[in-house]
2 protein chains.
Amino acid sequence: MKIIQDLQEMTAWSKEQTVAGKTIGFVPTMGCFHEGHLALMRQAGELAGQVVVSLFVNPTQFGPQEDLAAYPRDFARDQELAASVGVDVIFAPEPEDMYPAGCNTTVTVGKELTGQLCGASRPGHFAGVATVVSKLFNIVRPDLAVFGEKDFQQLAVIRRMTEDLNLGVEIIGHPIIREQDGLAMSSRNAYLQEAERETALSLSRALAMARTMAADGELHAESLTATLQKFILSFSGTELDYISFVDQASLQPVVEIDKDTVLALAVKINGRVRLIDNGFVAGGEK
Amino acid sequence: MKIIQDLQEMTAWSKEQTVAGKTIGFVPTMGCFHEGHLALMRQAGELAGQVVVSLFVNPTQFGPQEDLAAYPRDFARDQELAASVGVDVIFAPEPEDMYPAGCNTTVTVGKELTGQLCGASRPGHFAGVATVVSKLFNIVRPDLAVFGEKDFQQLAVIRRMTEDLNLGVEIIGHPIIREQDGLAMSSRNAYLQEAERETALSLSRALAMARTMAADGELHAESLTATLQKFILSFSGTELDYISFVDQASLQPVVEIDKDTVLALAVKINGRVRLIDNGFVAGGEK
């Protein structure tokens, strides 16, 4: 497995592959790999001849009050894990190479997709994501890229941007990978103290509860939301960011849920750890 | 010479060239070719194995009160002229393919480069330019692209964007091509009635006057501006948009002019035709 830090070297490597007729599958990450990341890498390997994983904790998608400095990093472990699933290249650029002095260009996706859910509580987050992903796509020049469906709004934003800017990269969403107890895997789970693990299950259990209620005929988003809110707040130390029933494509709130409705959740645990989860609730597959 | 309308076909053609080891030189245009455009195409041909010229009157860079509908178009003539200078492909996409329904992503370069000069009187113009050029680069995938220095601010914005988004395209500026009487070539010159031609010369003559004054030791931007303003307004039917002495790289106004100072001019003729011109004034070459 090759480790590349230099941007030009990365692009040169990719051009060689393309000229040699090989396809490139790409998994952009912020490192601190868990089974969810490894699943994306495996899928990229099944779909493309070469797999590139970028490892870059992107400062521009963190807000001023967010956890940029504390974000978990463990390059040695990440390197081993990536090698174990057959990754060909880890691309790990330096922040000052990604954002040199004078850098002044932003890619934004319109408010329809970015104004609500995580976009409402994390202003500037999706501009940071769209900008860095378009940069990474231009440097790595993959044929396809695999993203986790846990970051459901991010996936929608990246699909939109990739199509709108004609980036020519096929975007593939990978289902959420969960711990045995149902907790959606996330690098931020590392922040959870043991006693908070139970509280963190409020998200996946709320999803399960919504599915049961929907199966029992309760399809009104408003009453479902009220029930889920009470349920999540019954766990100690939970603070709600949002509970939203939205259309999977437009991300706009729905009144009555159906098979295209996604329940999206964001909950803060003890004021410290912000977790998200999502899933179809009424007959859809996710 | 090939004419390509389809976006996928354009990208496929470019990939073939790249795999075959050929370089692609690109000239993005809005058509209605004059000698200035042809000079860009010739330069692209000198620098690259294949020349692609895009011909697309981009709606998103026109303001609501601007001349989108009236913008001169003559595809048959453009085709002949492009062929005469050895262009390999004209890429002429349809607006509905460039901006399909739901399209919602914008590329913006920060206010430092886009808030003044043409950006002040044409809000949204440079976001339209940056977005369409990044789209065109992604579709055509050139090795280099040639732009005219007449659109001096546009060139600075595109250089910035190309570097910031890691587009991997070498940006080449081509000196302004002028009519024998000094008028900078522009597709919008076609709007000028015969009597307005003399008035239109106010721009190039003001540039010449600034150079003479600078050579005589007048280096204060403010007093030069006052003199030029009087001079330009002495032509009948002129209305000033801006007279600005700016640093060639930062586009920020200067107090004392030097070899890196560009004089940028925008003048409206009889309330109908907006013309721009620019050049170094104190020892610089342009």
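Calculation notes
Residues numbered from 1 in each chain as written. Chains lettered and ligands numbered in written order. Predicted model: local features only at pLDDT ≥ 70, side-chain atom pairs only at ≥ 80, totals over all residues. Heavy atoms only, no water. UniProt positions renumbered as here; feature names shortened; annotations may be inferred. Least-squares fit on C-alpha atoms with pLDDT ≥ 70 in both. Contact = heavy atoms within 4.5 Å. Helix = DSSP H or I, 4+ residues; strand = E, 2+ residues; numbered from the N terminus. Buried < 20%, exposed > 50% of the residue type's maximum accessible area, 1.4 Å probe, protein only. 1 Å grid on protein atoms, 1.4 Å probe; cavity = no way out; pocket = protein on both sides within 12 Å on 5 of 7 lines; lining within 4 Å. Points joined across faces, edges and corners; volume = space filled by probe spheres on them. Nonpolar A, V, L, I, M, F, W, Y, C, P; charged D, E, K, R; others polar. Phe/Tyr/Trp six-rings, centres within 6.5 Å; stacked < 30°, edge-to-face > 60°. Polar contact = N/O pair within 3.5 Å; in protein donor to acceptor, adjacent residues only side chain to side chain.

Chain A carries the name Pantothenate synthetase in an unreviewed UniProt entry, which gives Candidatus Electrothrix aarhusensis as its organism. In its Catalytic activity (unreviewed entry) section, UniProt records this for chain A: "(R)-pantoate + beta-alanine + ATP = (R)-pantothenate + AMP + diphosphate + H(+)".

Enquirer: Which parts of the structure should I look at to understand the relation of the copies chain B and chain A?
Expert: For these two chain copies, the linking operation is a rotation about an axis paired with a shift along it. Rotating chain B by 180° and translating it 0.0 Å along the rotation axis places it on chain A, where the RMSD comes to 0.0 Å. The two molecules are tied by a two-fold rotation axis, judged by turn and shift. Comparing contact sets, 100% of the residues at the interface of chain B also lie at the interface in chain A, consistent with an isologous, same-surface contact.

Enquirer: Which parts of the structure should I look at to understand the environment of Ala221 of chain A?
Expert: All names here are of chain A. With respect to the helices and strands, Ala221 occurs in helix H10 (residues 221–233). Taking the C-alpha atoms as reference points, Ala221 and Gly182, separated by 39 residues in sequence, lie 23 Å from one another. With residues near it in sequence (within four places) discarded, Ala221 still touches Phe245, Val254, Val255 and Ile257.

Enquirer: So what exactly am I meant to see when it comes to the UniProt feature "active site" (unreviewed entry) in chain A here?
Expert: Residue and element names in this part refer to chain A. As annotated by UniProt and renumbered to match this structure, "active site" (unreviewed entry) occupies His37. By the element assignment, His37 lies in helix H2 (residues 35–47). Taking the relative accessible area as the measure of exposure, His37 reaches 12% and is therefore buried. In this view, His37 contacts Thr29, Gly31, Cys32 and Ser187; residues no more than four positions away in its chain are not counted.

Enquirer: I tried to follow unusual backbone geometry on my own but got confused; where do I start?
Expert: Glycine aside, a negative phi is what most residues show, and trans is what most peptide bonds show. Even without glycine at this site, Arg141 of chain A takes up a positive phi of about 50°. Relative to the elements of secondary structure, Arg141 of chain A occurs in the loop between helix H7 (125–140) and strand E6 (144–148). A residue is classified by how much of its surface remains accessible, and Arg141 of chain A, at 30% relative accessible area, is partly exposed. Unusually for a residue other than glycine, Asn270 of chain B sits at a positive phi of about 50°. Summarising the element assignment, Asn270 of chain B is placed in the loop between strand E9 (261–269) and strand E10 (273–280).

Enquirer: Just to check I follow, could you spell out empty space enclosed by the protein for this structure?
Expert: Unfilled space is identified by rolling a water-sized probe across the atoms. What the rule picks out here adds up to three cavities of 30 Å³ or more. What lines the largest cavity is a set of 25 residues, and nearest its centre among them are Lys15 and Arg141 of chain A together with Lys15, Asn138 and Arg141 of chain B. At the level of secondary structure, the elements contributing two or more residues to the lining of the largest cavity comprise helix H1 (7–19) and H7 of chain A together with helix H1 (7–19) and helix H7 (125–140) of chain B. Among the elements that take part in the lining of the largest cavity, H1 of chain B stands out by supplying four residues, more than any other. Looking at the lining of the largest cavity residue by residue, the class counts come to ten nonpolar, nine polar and six charged. Looking at the second largest cavity, its volume works out to about 60 Å³. Surrounding the second largest cavity, Lys150, Gly182, Leu183, Ala184, Ser186, Asn189, Ala200, Leu203, Ser204, Leu275, Ile276 and Asp277 of chain B form its lining. Broken down by class, the residue content of the lining of the second largest cavity amounts to six nonpolar, four polar and two charged.

Enquirer: Would you mind showing me how to read the packing of aromatic side chains here?
Expert: To describe a pair of aromatic rings, one takes the distance between the centres and the angle between the planes. All names here are of chain A. Across all of its chains, the model carries ten aromatic pairs over all chains by this definition. Residues Phe62 and Tyr71 carry aromatic rings whose centres are separated by 5.8 Å and whose planes lie at 75° to one another, so their mutual orientation is edge-to-face. The burial state of Phe62 is the same as that of Tyr71; both residues are buried. Put simply, the rings of Phe26, Phe137 and Phe147 touch in pairs and so form one group of aromatic residues.

Enquirer: It is not clear to me how the side chain of Gln61 of chain A should be interpreted in this structure. Could you clarify?
Expert: Residue and element names in this part refer to chain A. One can find Gln61 in the loop between strand E3 (50–55) and helix H3 (75–84). The buried category is assigned to Gln61, whose relative accessible area is 10%. One polar contact links Gln61 to Asn58, side chain to side chain, over a distance of 2.9 Å. Excluding residues within four positions of it along the chain, Gln61 makes contact with Met30, Glu66, Arg122, His125, Gly128, Val129 and Val132.

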